[in-house]
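# Observations on the three-dimensional arrangement
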Amino acid sequence: MFKECCPELIPVMEKVAEENPHIAKLIERHAELNKLIDEVEAGREHMEELELEKLKKEKLHIKDEVYAAVIAYKKEKGL
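Residues numbered from 1 in each chain as written. Predicted model: local features only at pLDDT ≥ 70, side-chain atom pairs only at ≥ 80, totals over all residues. Heavy atoms only, no water.

## Remarks on the pattern of salt bridges
Close approach of charged atoms allows side chains with opposite charge to pair. Counted by the stated rule, this structure contains seven salt bridges. Linking glutamate 76 and lysine 77 is a salt bridge whose minimum nitrogen-to-oxygen distance equals 3.8 Å. Residue classification places glutamate 76 among the exposed positions, given a relative accessible area of 61%. Three or more residues joined by partner-sharing salt bridges are found here, namely Arg29, Glu32 and Glu58. (Salt bridge = Lys/Arg side-chain N within 4 Å of Asp/Glu carboxyl O. Buried < 20%, exposed > 50% of the residue type's maximum accessible area, 1.4 Å probe, protein only.)

Written out as structure tokens, the structure reads:
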């Protein structure tokens, strides 16, 4: 997902993940959520609509947190 929305940030995101285990875990969780949501939306998995919406919100929250960490890192390193 991150590669689709902001490929120019991937190298910085990788650096942040290397230095920050929390961000690394968030990126991993984002990928898991992305896969699960795709499976449900494709009809290969079943889930209640309310649960699906909760997962989408969690995924968005993670994306926002990772993006903020990347921007902070860029600012800190003068990138």
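## Comments concerning the packing of helix α2 (residues 10-19) against helix α4 (residues 49-77)
Where α2 meets α4, the closest approach of the two axes is 9 Å, and the angle between their N-to-C directions is 95 degrees. By the angle between their axes, α2 is roughly perpendicular relative to α4. Contacts from Val12, Met13, Lys15, Val16 and Glu19 of α2 reach α4 at Val66, Ala69, Val70, Tyr73 and Lys74. (Axes fitted to C-alpha atoms, helices over the stretch in contact; angles between N-to-C directions. Helix = DSSP H or I, 4+ residues; strand = E, 2+ residues; numbered from the N terminus. Parallel < 35°, antiparallel > 145°, perpendicular 65-115°, else oblique. Contact = heavy atoms within 4.5 Å.)

## Digging into the nonpolar core
Within the largest apolar cluster, 19 residues are counted, with the highest numbers of intra-cluster contacts made by Val16, Ile23, Val66 and Val70. Mapped by element, the contributors of at least two residues to this core are α2, α3 (21-41) and α4. At seven residues, the largest contribution of residues to this core is made by α4. The residues touching isoleucine 23, leaving out its near neighbours within four places in the chain, are Val16, Ala17, Glu65, Val66 and Ala69. (Core = buried A, V, L, I, M, F, W, Y, C linked by side-chain atoms within 4.5 Å.)

## Description of the side chain of lysine 59
Tracing the sequence through the fold places lysine 59 in helix α4. Buried within the structure, lysine 59 lacks any salt-bridge partner; its nearest side chain of opposite charge belongs to aspartate 38, at an N-O separation of 5.6 Å. Within the local environment of lysine 59, its side chain forms a polar contact with the side chain of asparagine 34, the two groups lying 2.7 Å apart. (Lys, Arg positive; Asp, Glu negative; His and termini not counted. Polar contact = N/O pair within 3.5 Å; in protein donor to acceptor, adjacent residues only side chain to side chain.)

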